[in-house]
Structures are given as structure tokens and as C-alpha cells.
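One-letter residues, chain by chain:
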Amino acid sequence: LYYDRGNHHEFVSLVKDLARPGEITQSQTFDFEFTHVEKPYESYTGQNVKLRYFLRATVIRRLNDISKEMDIVVHTLSTYPELNSSIKMEVGIEDCLHIEFEYNKSKYHLKDVIVGKIYFLLVRIKIKHMEIDIIKRETTGTGPSVYHENDTIAKYEIMDGAPVRGESIPIRLFLAGYDLTPTMRDINKKFSVRYYLNLVLIDEEERRYFKQQEITLWRKGDVVRKSMSHQAAIASQRFEGSAASESALEQAAKEESG
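Residues numbered from 1 in each chain as written. Predicted model: local features only at pLDDT ≥ 70, side-chain atom pairs only at ≥ 80, totals over all residues. Heavy atoms only, no water.

The name given to the protein in an unreviewed UniProt entry is Vacuolar protein sorting-associated protein 26B-like protein, and the organism recorded there is Ilyodon furcidens. What the UniProt record of the protein gives under Sequence similarities (unreviewed entry) is the line "Belongs to the VPS26 family." (UniProt positions renumbered as here; feature names shortened; annotations may be inferred.)

So this is what it looks like as C-alpha cells:
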């Protein structure tokens, strides 16, 4: 936590001795292996917090130790959420403005596309333009020492000019071009990262009307597609294996009858 740089909070720590006490007089290589290491959280660098995984090699000496660190980036892959309902809401100002907006999903992977529509049911104010923003909210600390940091990741204009009653404005926002991370909730009881879609209307007098809606972002695992030749080779191996087993059975039957 950047406001508490003196304290580092470890949630994973594994140590291995690579060599016994002695002298190193020439270049040496030491092999090591950490098996089945749990990496529960994704690497993250934010405004007020940094979560990092790293390897540290230390040569312990009498006077002063020699230490070297190497960072490792960890990505947390998720599966497609089974329940992914759409977002539908109505907002407005009494006798002045009434709109409905709809987003096709509430959970998106980092390369996804946000598709939606905005319906104008009542328009009695002079709207100049409308935009949709992606806002990242980073929350650090607990109790009275909680810090909220808002960062506008994207601003996307979806309408320029005054709408009329009954008009429908489509939304199509591609997420792949923006620097996004998955949604993180109460990571190690130290911080959270949440994302919001912010619909903003600006009238001719520069007054702003907005409505926020939280969305969930997740990192999709890449699907490795095997080539046709590789699949054919596997199929032929299975066929050869089954043919060999059949011939073995036939040979065994002949021996029993003989």
C-alpha cells in the first residue's frame, strides 16, 4: 500500500536452501523448483496499491548479504459465467427527461464488446451530446482509513445533437483497446478494484446528468486450437492401438483353443 510503504503484507512465502555453507570461487549453477504454488490473486499495479509476485535469490554472507529479485506476472483466468443477465434501468428528471438504457450483459471479459441501447421516452431539455465512460474505482485500506481513487479509463461519445422523443441510440463499445484488469473484490482484505459504466448527458448550459452502473470484468482463458494434422495423428494412434489390442485378443483365443 503506497500510503504505508514501510509495511509489506505477504500472503505467499516459500523458502528453499540451495547450498550449504562454504566458499564459492567460480561460476556455479543451482537448480530449484517450487511445485504446486498457490497464486490466488492476479498481479496488479494501481494508484495506491501494488500486488506483486517475485523470486528472490539471497547469498548470505558474514558482513552483508547479496540479494536479487525478479518479478513474475500472474494472470487469473476465469470461465464464462453461467448467469449473465442484462442490465435495464430507467432514469430521468420529473417532467423534463425520461430515458431507458439497456446493456446486453452485466459481466464482460477483457476483450468483449458492450452492446446496448438508449431509449428517449421524454425530452424537454436541450441536450447537446451524450457519452459513456468506463470508470475504474480502486479502494484501499479498511475502517476509517479507506481511500477511493477513481480513474476514467475511457470516454466514448454515443450521440451528438438533440434527441427527440421515441428515438433509440445504439451503443457498441469495444473493450480490447483499453487498459483493463479483472474486477477484484476484497483482495487479501487490503484492496478492491471495481468498474462502472457511466452514462453522461450534457445540455446546452453545460449541466451534466449521469447514471452509473457497476459491471464485472474477468479474464478469459485462450482456447488452444489443435491443427487438423495433429488431430489426425492422435486418431491414427488410437486406431493403431485398438487394432493392436484386437490382434492380441485373437492370438490369445487361438492359443487357448490350441
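Having seen the model, we can carry on.
Visitor: What's the story with the overall build of the protein in this structure? I'm lost.
Guide: Along its length, the protein carries one helix and 14 strands. Considering the protein as a whole, with its 258 residues, one finds that 29% of them fall into the buried category. (Helix = DSSP H or I, 4+ residues; strand = E, 2+ residues; numbered from the N terminus. Buried < 20%, exposed > 50% of the residue type's maximum accessible area, 1.4 Å probe, protein only.)

Visitor: What's the story with the side chain of aspartate 133 in this structure? I'm lost.
Guide: Here aspartate 133 is to be found in strand β9 (residues 127-140). Look at aspartate 133 and you get buried, because its relative accessible area is 3%. With residues up to four places along the chain from it excluded, the contact list for aspartate 133 reads Thr152, Ala154, Lys155, Tyr156, Tyr196, Leu197, Asn198 and Val200. (Contact = heavy atoms within 4.5 Å.)

Visitor: Explain the sheet that holds strand β5 (residues 87-93) here, please?
Guide: If you walk across this open sheet you meet the four strands as β5-β6-β8-β11, and the pairing is antiparallel. The open sheet terminates on both sides in strands that have one partner only, identified here as β5 and β11 (168-174). Between one strand axis and the next, the sheet turns through 20° on average, direction left out of account. Examined bridge by bridge, β5 and strand β6 (residues 97-103) share seven bridges and lie antiparallel to one another. From the neighbouring strand, methionine 89 faces β6, where its bridge partner is phenylalanine 101. (Pairing = 2+ DSSP bridges. Axes fitted to C-alpha atoms, helices over the stretch in contact; angles between N-to-C directions.)

Visitor: I tried to follow the environment of glutamate 205 on my own but got confused; where do I start?
Guide: Inspection of the secondary structure assignment puts glutamate 205 in the loop between β13 (191-203) and β14 (208-218). Sequence spacing of glutamate 205 and lysine 126 is 79 residues, and the spatial spacing of their C-alpha atoms is 8.6 Å.

Visitor: What is the right way to read the environment of alanine 19 from this model?
Guide: Structurally, the position occupied by alanine 19 is in the segment before β1 (44-45). Take alanine 19: its relative accessible area is 49%, and that puts it in the partly exposed class. Through-space distance from the C-alpha of alanine 19 to that of phenylalanine 30 is 7.9 Å; in sequence the pair is 11 residues apart.

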